[in-house]
Amino acid sequence: MMIRSVYWREYGMEVVKTVVSLSHVSLFVCLVCANFFTEAQIAIDKDSGFSTKDAVDFMTKFGYLQIDSGDGPQALIDPNSMSDALKTVQSFGGISQTGLLDEATIELMQRPRCGVPDILPSNRKKREIPWSYGWNKAFITYFVGETFKISRDLARIEIKDAFEKWEKYSRLKFIETSDKEKADIVILFKSGSHGDGNPFDGKGYILAHAFGPSDYHGISGDIHFDNDENWAIDSNRHDITDFFSVAIHEIGHSLGFSHTQNKNSVMFSSYQLHDKRTFQFTEDIIRGLYEMKISFFITGTWYWVFDDFMNMLENSPQPITKYGLPQYVTKINAAMVKEGKTYLFVEDRYWRYNDEKRKMDEGYPRPISFFLGLPTKIDAAFTWNDNTTYFFKDNKFWSLNNTWKRVENLHGQTASKFWLNCDR
């Protein structure tokens, strides 16, 4: 093993870095910046048992620092880069963005948390919605493996309850299977190094991790819980880890969600207790679930359903009567999905299907005139990413405001001009 120390001055600050080279791999093992980590901050490190190397390891592991593994100067980090990385850590953690390794930052870095990086290579641009991609199917199977700290039957109930929370807004259906090899999501308890390149660290700190969806089966969508944690059901003790609280977070990763800076969100990276009896998704997650677009194609008495990749979902086509429409309905003029409800428009009436309860809401059909200003027999309808709903008839369209009380353009606008910039 060869140890190489590099000294240089930049912006009037002396930076000392030590790089350890072993075979062909260079490992960045220590960084000390005079006038960057102050004496007080180093004292805090010593008191807490947390070193500047621990800080660098944290920022590297969770995507805040990109360290080149080469031999040259590119393997070194200047103080400005370190300060920027610390500010991003602090921003994600919801603490003051000082750019310094202060006490609050050290406490944040030592919290029990999810093992998935906060900043992924494909998600470096800030987004209001922490969702990037999803499954290309509507029915997703999962398998729950052997448990050790809690009853497997109880774990299965908690997992089922967590999946049902995500079902409510996602239009996905999660089905447990006893066939591990065919399951889309395999849920296991593991310890230490367990073959996925992301070893657990024993009790405390990293609680679990999960993998995003992919067409390639492998470990895509799988969830691993650290078997060394003190898992429990429905517990709010500080020395116990509540299983449901971690499970509902990791399922989010299995559906394609990344970590968010919203401290109230289920996708916040640090461990937080969730009471499943009162649990509610925050707006950023709900909007992300609505980005899992479902498109309808209807002709005659049949309908097809496509996901946002334009893949035909299972069991398409289906008769329109499956939605609970009466037999005398032979044609749907338009259909759209909004906030967990499917609206089906027929002539001068519409029905509303509850996607969570899987049945038609009571009190329908209702007249289209409920949407003040809409014409009858519309041709199409959809909800845009800004939550504005658009209705089309012939070459005109009407938009509804988010409160659904009135039509914004009572006489309609020319669709070809507005959407296609065509005067015809």
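Bear in mind the structure is a predicted one, so any value in this text is a computation, not a measurement.

Novice: With reference to specific residues and values, describe the environment of Thr241.
Specialist: By the element assignment, Thr241 lies in strand 11 (residues 241-242). As a C-alpha pair, Thr241 and Gly204 span 37 residues in sequence and 9.1 Å in three-dimensional space. Not counting the four nearest positions on each side in its chain, Thr241 is found in contact with Leu207, Glu229, Asn230, Trp231, Ala232, Val246 and Tyr271.

Novice: Any chance you could break down unusual backbone geometry for me, citing the residues and the numbers?
Specialist: For the bond from Tyr364 to Pro365, the omega torsion is 15°, close enough to zero to count as cis. Here Pro365 shows up in the loop between strand 18 (359-360) and strand 19 (366-367). In this structure, Tyr205 takes a positive phi of about 70° despite not being glycine. Within the secondary structure, Tyr205 sits in the loop between strand 7 (185-190) and strand 8 (206-210).

Novice: Residue-level account of the sheet that holds strand 5 (residues 139-144), with values.
Specialist: If you trace the 6 strands from one edge of the open sheet to the other, you get 4-8-9-7-5-6, paired in mixed fashion. Each edge of the sheet is formed by a strand with only one pairing partner; in this case those strands are strand 4 (113-114) and strand 6 (173-176). Where strand 5 lies against strand 6, 4 bridges are found, and the strand directions are parallel. Along strand 6, the bridge assignment pairs Tyr142 with Glu176. With respect to the sheet, helix 5 (residues 152-170) is in contact with strand 5, strand 6 and strand 7, its orientation differing from that of strand 5 by roughly 160°.

Novice: Describe the pairing of strand 17 (residues 349-354), listing the residues and the values that go with them.
Specialist: Note that strand 16 (residues 341-346) and strand 17 share 6 bridges and pair antiparallel. Its bridge partner lying in strand 17, Leu344 is registered against Trp351. In this structure, the hairpin formed by strand 16 and strand 17 is closed by a connection of 2 residues, where Glu347 is found at a positive phi of approximately 55°. Inspection of the sheet shows strand 17 paired to strand 19 by 2 bridges, in the antiparallel sense. Along strand 19, the bridge assignment pairs Arg349 with Pro367.

Novice: Before we move on, can you summarise the side chain of Asn227 with the specific residues and values?
Specialist: Tracing the chain through its elements places Asn227 in the loop between strand 9 (223-226) and strand 10 (231-232). Given the relative accessible area of 12%, Asn227 is considered buried. Residues contacting Asn227, with those up to four places away along its chain left out, are Phe148, Lys149, Phe189, Lys190 and Ser191.

Novice: Quick rundown of the pairing of strand 9? Include the residues and the values.
Specialist: Taking every second residue as pointing to the same face, both faces of strand 9 are buried, with Ile223 and Phe225 on one and His224 and Asp226 on the other. Taken together, the 4 bridges between strand 7 and strand 9 define a ladder with parallel strand orientation. Looking at strand 9, one finds that Leu188 is bridged to His224. Here 3 bridges tie strand 8 to strand 9, and the two strands are oriented antiparallel to one another. Its bridge partner being in strand 9, Ala210 is matched across the sheet by Ile223.

Novice: Outline the packing of aromatic side chains, supporting the account with residue identities and numerical values.
Specialist: Tallied over the entire structure, the rule returns 22 aromatic pairs. Ring geometry for Phe189 versus Phe243: centroids 5.7 Å apart, planes at 20°, classification stacked. Here Phe189 is found in strand 7, whereas its partner Phe243 is found in helix 6 (residues 243-254), with 54 residues between them in sequence. Judged by its relative accessible area of 1%, Phe243 falls in the buried class. Ring centres of Tyr343 and Tyr350 lie 6.2 Å apart, and the angle between their planes is 35°; on these two criteria the pair is classed as tilted. Of the two residues, Tyr343 and Tyr350, both sit in the buried class. Put simply, the rings of Tyr343, Phe345, Tyr350, Tyr364, Phe370 and Phe391 touch in pairs and so form one group of aromatic residues.

Novice: Please provide a residue-by-residue account of the pattern of salt bridges, values included.
Specialist: Under the definition given, this model contains 15 salt bridges. Note that Asp239 and Arg237 form a salt bridge whose closest N and O atoms lie 2.7 Å from each other. Residue classification places Asp239 among the partly exposed positions, given a relative accessible area of 33%. Residues Arg352 and Asp361 are paired through a salt bridge, measuring 2.6 Å at the closest nitrogen-oxygen approach. Look at Asp361 and you get buried, because its relative accessible area is 13%.

Novice: Tell me what's going on with the nonpolar core, and back it up with residues and numbers.
Specialist: Of all hydrophobic cores here, the largest spans 37 residues; its most connected members are Trp166, Ile187 and Phe225. Put simply, the parts of the chain that give this core at least two residues each are strand 5, helix 5, strand 7, strand 8, strand 9, helix 6 and helix 7 (283-290). Not counting the four nearest positions on each side in its chain, Trp166 is found in contact with Phe174, Ile248, Ile251, Gly252, Leu255, Phe257, Val266, Met267, Phe281, Ile285 and Leu289.

Novice: Quick one: what's the story with the confidence of the model for the chain, residue by residue and with numbers?
Specialist: Do not read the predicted coordinates in detail wherever pLDDT is low. Residues of the chain with pLDDT of at least 70 account for 69%, and the chain-wide mean is 77. This stretch, residues 71-75, has a pLDDT under 50; its non-local contacts, to residues over four places away or in other chains, come to 8 contacts.

Conventions adopted
- Residue positions are given per chain, counting from 1 as you read along its sequence in written order.
- Since the coordinates come from a predicted model, pLDDT governs what is reported: local features require at least 70, and pairs of side-chain atoms require 80 or more to be given and counted, while whole-chain, interface and lining totals use all residues.
- The side-chain quantities take in all heavy atoms of the structure and omit both hydrogens and water.
- Secondary structure follows DSSP: runs of H or I at least 4 residues long count as helices, runs of E at least 2 residues long count as strands, and numbering of each begins at the N terminus.
- Any pair of residues with heavy atoms lying within 4.5 Å of one another is described as a contacting pair.
- For two strands to be treated as a pair, DSSP must find no fewer than two bridges joining them.
- Axis lines are fitted through C-alpha atoms, for helices just across the contact stretch, and the angle between N-to-C directions can take any value from 0 to 180 degrees.
- With a 1.4 Å probe rolled over the protein chains alone, any residue whose accessible area is under 20% of its type maximum counts as buried; one over 50% counts as exposed, and the rest are partly exposed.
- Each Phe, Tyr or Trp ring (for Trp, its six-membered ring) is paired with any other whose centre lies within 6.5 Å, and the angle between the two planes then decides the class: stacked below 30 degrees, edge-to-face above 60, tilted in between.
- Criterion for a salt bridge: a side-chain nitrogen of Lys or Arg within 4 Å of a carboxyl oxygen of Asp or Glu.
- Only buried residues count toward a nonpolar core. Its members are Ala, Val, Leu, Ile, Met, Phe, Trp, Tyr and Cys residues joined through side-chain atoms within 4.5 Å.
- Confidence per residue, as judged by the predictor, is encoded in pLDDT with a range of 0 to 100.

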